[in-house]
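This is what each chain is made of:
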Amino acid sequence: MRERFPEGVASGDPQSDSVILWTRCPATSDRPQPGVTVEVAEDPAFKHPVARAATRMSAESDWTCRVLVGGLKPSREYWYRFIDANGEGSRIGRTTTAPAPDDVRTVRFAFVSCQNCNDGAQNAYRRMIFEDEKAAPDQRLDFVMHLGDWFYELVWYPQDRPQGMYDRRIRDILRYPTGEKIEDFHVPTDVADYRTIYRAYLHDVEIQDARARWPFVCMGDNHEFSWKGWQGQQDFGGVRPAQTRKVAANQAWFEYQPSRVKQPSGGLDLFVAPVVKNAPIEKFDDHGLGLQPDNLAAIGSMTTYRTLRFGRNVDLIITDNRTYRSQDLANRPQMKSFQSKDFPLMVPEEVLDILDAGSAYDHARPPPQIAFGGQLFANFRKDEPPQSMLGKAQKAWFLEQLSGSTATWKLWGNSVGATDVRADLHNLPRGEGPVWPGAGYGVIANDDWGGYRFERAQILDHIRDGRITGFVSLAGDRHSFYAGWLAASLPPKPFAPVGLEYVTGSISAPTIAEAFDHSITPDKPWAAIYRQPSTAGQPGLATINLTARRGVKASLAMQRGADPATIGAAANPEVAPNLDLMDCGGHGYVVIAAHESFLDAELVCIPRPIERAPSADGGPLRYRVSYRSPIWKPGETPVLQRIATQGDLPLGA
């Protein structure tokens, strides 16, 4: 009876000889639950069992169960189930093991990010399941990588937001047992709250079915802890210590995600939560890590960055981009001096370069003041070290993994995008609207790697200097699709790509394009470079895609009704030589197929998932774009070849 296992089953972090299996079987007043039995077989009818073991369960772990099953064969399908003491069984799960370390077979997987059950539907998983079921056995996915925002801890209750979110209704999916209300939303405060939201999301049929079909490889982003959280701190209109909440978030992750994360105790089945207090950070190391003991204990309670090997072709190197990062520039109050209400989302590229590098800018000669809009503002970062997203220890580990990898493809499970996205606002025509206060380009994304530019350059320079090939970033967080090249700098500086990046659109969380439908009206200054009206009753055209790919003059030409040739002639070739595709309104997933001599990527985009699609295929496709990249030699520029397209592509594509 599935009712005894209401959150389903799951598997995670497959290796060639083992995988972690998971379920939850809560005790009730009439059914105590000392443990369950797990069974593993080579067939779904369990006629050929390969493993059977009893497990422990308790209220201490919220009745969850994590089992490492070893002695398995590489590149094999297995089926598993859990049975309680009364003989009642869970649903049957399917999992797969990784290829043997010397196996050259193709590794095929999907990666996803950003699912919000509070205001959207998870139709992308249904589409993924549908396509996988009809695929030939050797064309099916080996696993799914989830790059974070597995849930959104900011929860609206329907009565708090009767108007909904944009054009979406708010679903009544949970109520926190304790919780804290901030403005009109609620956030978790303790482990019971974090457990509650995991359970709520696992009652979504698409999420539960996907976890039962494939092993997942997961990395958290920010919402698994806190929206603007960093280290053991939260930021809701100001930084406040939240070490107890960080530990609670880690504990719930450990209990609900079957993954090979580590805790200081070394235990696999029970999280050992350190006793911490919420205390402000007063001292930092040279990478921005807070040295306050409770902060160190909270973030040290679980280590999630890790490498997984899939045959000879793939090393999947996954970094934790939130736990060790220095505070985002985007959320520093001093950044308001460098923002303009006439240019939403845009921050001057030259300002970001100075502030991000801090005391290391211009060979340790940072300016005391920074010009913006005809004024001089204090360089509040001139005496601080460069920003760090990875932290000192993780960065050293990451560079070692890249240097030591013998796999053809070094795939970076990178929860936030690294591709620069910018607009040539200095090319706006004079006299037609407000003047851009910056000296050059405006950067659109700056709370991800766009705001950690110094460290990103260190990583990319390491790849160049180490003559490392096959480096590809697979990223999420942006609620957008991107395909492009990774380089330490863009024109007018040198542009020398050393790797590739694919960014996946969100599973269901709202996008920037959706926000623009409600915030960028035709009367706004330079509205045309962000959004332009479409046909009656339809969402506006996300011309921010065209602006970022082709430049502001291309979008303004489109506003004037110019033909495609004229729009193309207005394009600025220097604005985005690093981008082949951008869609800030895309939902869906990306499929990667890593072959011995080339890598394929397929971007699968679905329509805005406001409501659940009733059909078995998860609803219609919006578009599909396929790429191929041959493995390159040291010193060569990676090739990104678009080999197939289907459907309605975004502007500028």
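None of these values were measured; they are calculated from a predicted model.

Draft legend 1. Structural view of the overall build of the protein chain. Helix and strand counts for the protein chain stand at 13 helices and 30 strands. In terms of overall size, the protein chain behaves like a compact globule, its C-alpha atoms giving a radius of gyration of 24 Å where 653 residues would be expected to give roughly 26 Å. Based on the C-alpha atoms only, the size of the protein chain along its principal axes is roughly 80 × 55 × 55 Å. Within the span of the protein chain, comprising 653 residues, buried residues form 61% of the whole. Considering only residue pairs separated by 6 or more positions, the protein chain has 72% of its internal contacts joining residues 24 or more positions apart. Summing over all exposed atoms, the protein chain offers an accessible surface of approximately 24200 Å²; the carbon and sulfur share of this is 52%.

Draft legend 2. Inspection of the packing of helix H8 (residues 392-404) against helix H9 (residues 453-465) at higher detail. Here H8 crosses H9 at 25°, and the two axes come no closer than 10 Å. As far as their axial angle goes, H9 and H8 are roughly parallel. Handedness of the crossing formed by H8 with H9: right-handed. Side by side, H8 and H9 meet where Lys-395, Phe-398, Leu-399, Leu-402 and Ser-403 of the first sit next to Glu-455, Gln-458, Ile-459, His-462 and Ile-463 of the second. Within the contact of H8 with H9, the residues separate by chemical class into five nonpolar, three polar and two charged.

Draft legend 3. Spatial organisation of the pattern of salt bridges. Under the criterion given, the structure shown has 58 salt bridges. A salt bridge links Asp-221 to Arg-322; the nearest nitrogen and oxygen atoms lie 2.9 Å apart. You can see Asp-221 sitting in the loop between strand E12 (215-218) and strand E13 (233-235) and its partner Arg-322 sitting in the loop between strand E16 (314-318) and strand E17 (347-348), a full 101 residues away along the chain. Exposure class is identical for Asp-221 and Arg-322. Each is buried. Note that Arg-325 is salt-bridged to Asp-328, the shortest N-O span being 2.7 Å. Of the two residues, Arg-325 and Asp-328, both sit in the buried class. Through salt bridges with shared partners, a single network forms among Glu-349, Asp-353, Asp-420, Arg-422, Arg-453, Arg-456 and Lys-493.

Draft legend 4. The arrangement of the pairing of strand E3 (residues 37-41) in detail. Within E3, five of the five residues are buried, leaving the element largely enclosed by the surrounding structure. Of the two faces of E3, the one carrying Thr-37, Glu-39 and Ala-41 and the one carrying Val-38 and Val-40 are both buried. As defined by bridge partners, E3 adjoins strand E4 (residues 49-54) across five bridges and the pair is classed as antiparallel. Each residue of the ladder has a partner; that of Ala-41, found in E4, is Pro-49. Across five bridges, E3 lies against strand E6 (residues 77-83) in antiparallel orientation. Directly across from Glu-39, in E6, lies its bridge partner Arg-81.

Draft legend 5. Quick peek at the sheet that holds E4. Pairing is antiparallel across the open sheet formed by four strands, whose spatial order is E4-E3-E6-E7. Two strands in the sheet have a free side with no partner beyond their single neighbour: E4 and strand E7 (93-96). For this sheet, the mean inter-axis angle between neighbouring strands, taken without regard to orientation, is 25°.

Draft legend 6. Broad picture of the pairing of strand E23 (residues 471-475). Here E23 lies mainly inside the structure; five of its five residues are buried. In E23, alternate side chains face the same way, and those of Phe-471, Ser-473 and Ala-475 on one face and Val-472 and Leu-474 on the other are all buried. By the bridge criterion, five bridges tie strand E20 (residues 409-414) to E23 in an arrangement that is parallel. What sits directly across from Trp-412, in E23, is Ser-473. Pairing between E23 and strand E25 (residues 499-503): four bridges, direction parallel.

Draft legend 7. Structural detail: the nonpolar core. One finds Tyr-125, Met-128, Tyr-201 and Tyr-589 to be the most contacted residues of the largest nonpolar core, which totals 50 residues. Breaking this core down by element, the ones donating at least two residues are strand E8 (107-112), helix H1 (123-134), helix H2 (191-202), helix H3 (205-213), E12, helix H4 (243-256), strand E27 (587-594) and strand E28 (598-606). Among the elements that make up this core, the one with the highest residue count is H4 (seven residues). Filtering out sequence-adjacent residues up to four positions away, Tyr-201 remains in contact with Gln-115, Asn-116, Cys-117, Asn-118, Trp-150, Phe-151, Tyr-152, Ile-173 and Ile-207. If you look at the next biggest cluster of nonpolar residues, it comprises 36 residues, including Met-145, Leu-147, Ile-318 and Leu-640.

Draft legend 8. How the structure looks around the environment of Ala-407. Within the secondary structure layout, Ala-407 lies in the loop between H8 and E20. Ignoring any residue separated from it by four or fewer positions in sequence, one finds Ala-407 in contact with Arg-309, Arg-312, Asn-313, Val-314 and Asp-315.

Draft legend 9. Looking closely at the packing of aromatic side chains. Applying the stated criterion to the full structure yields 26 aromatic pairs. Across the ring face of Tyr-157, the terminal group of Arg-175 is positioned such that the distance to the ring centre comes to 4.4 Å. Positioned over the ring face of Trp-227 is Lys-228, at 4.5 Å from the centre of the ring.

Draft legend 10. Focus on the sheet that holds E28. The mixed open sheet is built from ten strands, whose spatial order is E5-E2-E1-E12-E9-E8-E27-E28-E29-E30. With one partner strand each, in any of the chains shown, strand E5 (64-69) and strand E30 (641-647) form the two edges of the open sheet. Sheet twist, expressed as the average angle between the axes of neighbouring strands with direction ignored, equals 25°. In the sheet, strand E9 (residues 143-146) pairs with E12 via three bridges, with the strands oriented parallel.

Draft legend 11. Fine view of unusual backbone geometry. A cis amide bond links Pro-491 with the next residue in sequence, Pro-492, at an omega value of 10°. Tracing the sequence through the fold places Pro-492 in the loop between strand E24 (481-486) and E25. Despite not being glycine, Asp-149 shows a phi value in the positive range, around 55°. Mapping Asp-149 onto the fold places it in the loop between E9 and strand E10 (180-182). Unusually for a residue other than glycine, Asp-477 sits at a positive phi of about 80°. Looking at where Asp-477 falls in the secondary structure, it is placed in the loop between E23 and E24. What makes Asp-477 buried here is its relative accessible area of 14%.

Draft legend 12. Broad picture of the side chain of Ser-113. As for its placement among the helices and strands, Ser-113 is situated in the loop between E8 and H1. At 3.1 Å, the side chain of Ser-113 and the backbone nitrogen of Asp-477 are in polar contact.

Draft legend 13. Region of the structure containing helix H6 (residues 349-357). Of all nine residues that make up H6, eight are buried, and the element is covered over most of its length. Those residues of H6 that sit buried are Glu-349, Val-351, Leu-352, Asp-353, Ile-354, Leu-355, Asp-356 and Ala-357. Looking at the buried residues of H6, the elements they touch are E17, helix H7 (361-364), strand E18 (369-372), strand E21 (422-423), strand E22 (442-443) and H9.

Draft legend 14. Structural view of the environment of Pro-609. Within the secondary structure, Pro-609 sits in the loop between E28 and strand E29 (623-630). The buried category is assigned to Pro-609, whose relative accessible area is 1%. C-alpha of Pro-609 to C-alpha of Ser-506: the two residues are 103 residues apart in sequence and 10.0 Å apart in space. Among residues more than four places away in sequence, those in contact with Pro-609 are Gly-120, Ala-121, Asn-123, Arg-168, Ile-507, Ser-508 and His-587.

Rules and cut-offs
- Residues numbered from 1 in each chain as written.
- Predicted model: local features only at pLDDT ≥ 70, side-chain atom pairs only at ≥ 80, totals over all residues.
- Heavy atoms only, no water.
- Helix = DSSP H or I, 4+ residues; strand = E, 2+ residues; numbered from the N terminus.
- Rg over C-alpha atoms; globule rule 2.2 N^0.38 Å.
- Buried < 20%, exposed > 50% of the residue type's maximum accessible area, 1.4 Å probe, protein only.
- Contact = heavy atoms within 4.5 Å.
- Areas by Shrake-Rupley, 256 points an atom, 1.4 Å probe, with all protein chains shown as cover.
- Axes fitted to C-alpha atoms, helices over the stretch in contact; angles between N-to-C directions.
- Parallel < 35°, antiparallel > 145°, perpendicular 65-115°, else oblique.
- Left-handed = near helix turned anticlockwise from the far one by under 90°.
- Nonpolar A, V, L, I, M, F, W, Y, C, P; charged D, E, K, R; others polar.
- Salt bridge = Lys/Arg side-chain N within 4 Å of Asp/Glu carboxyl O.
- Pairing = 2+ DSSP bridges.
- Core = buried A, V, L, I, M, F, W, Y, C linked by side-chain atoms within 4.5 Å.
- Phe/Tyr/Trp six-rings, centres within 6.5 Å; stacked < 30°, edge-to-face > 60°.
- Lys NZ or Arg CZ within 6 Å of the ring centre and 35° of its normal.
- Polar contact = N/O pair within 3.5 Å; in protein donor to acceptor, adjacent residues only side chain to side chain.

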